[in-house]
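Close look at the chain arrangement
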Amino acid sequence: MKDRMLVIRALTAAVAVIGVIMLISGILLRNLDEAGKTIPEKAQMPEEYIEEFFSHEDETPNIEDYMEPEWQN
């Protein structure tokens, strides 16, 4: 009976130690992830590319430009 209780105590202690290690690792990984998400101070893309590729985003498209002509029989 004593051997069984000793095994249970050892397993409980091992699970507790592993849980604490996982908790600390999770906290450290979360802090590292948040530190990597800093907002850059300047644009990542040169201004000429931004103007060339994204200047038309405020315009509303004309639906007639995308309509196919009807088939004539």
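This section reports on the structure supplied with the text. Being a predicted model, the structure only gives us computed values, none of them experimental. (Residues numbered from 1 in each chain as written. Predicted model: local features only at pLDDT ≥ 70, side-chain atom pairs only at ≥ 80, totals over all residues. Heavy atoms only, no water.)

**What about the overall build of the protein chain?**
- Broken down by element type, the protein chain carries 2 helices and 0 strands.
- Across the 73 residues in the protein chain, those meeting the buried criterion constitute 0%.
- Counting every atom, the protein chain has about 8000 Å² of accessible surface; 61% of that belongs to carbon and sulfur. (Helix = DSSP H or I, 4+ residues; strand = E, 2+ residues; numbered from the N terminus. Buried < 20%, exposed > 50% of the residue type's maximum accessible area, 1.4 Å probe, protein only. Areas by Shrake-Rupley, 256 points an atom, 1.4 Å probe, with all protein chains shown as cover.)

**A closer look at a nonpolar patch on the surface**
- A cluster of nonpolar side chains, namely Met45, Tyr49, Phe53 and Phe54, defines an oily patch on the protein surface of about 400 Å² accessible area.
- Inspection of the secondary structure puts Phe53 in helix α2 (residues 47–54). (Patch = residues over 30% accessible without salt bridge, like charges linked within 9 Å, V, L, I, M, F, W, Y side chains within 5 Å. Salt bridge = Lys/Arg side-chain N within 4 Å of Asp/Glu carboxyl O.)

**Considering a negative patch on the surface**
- The grouping of Glu47, Glu48, Glu51 and Glu52 at the surface amounts to a negative patch.
- Within the secondary structure, Glu52 is located in helix α2. (Lys, Arg positive; Asp, Glu negative; His and termini not counted. Charge placed at Lys NZ, Arg CZ, Asp CG, Glu CD.)

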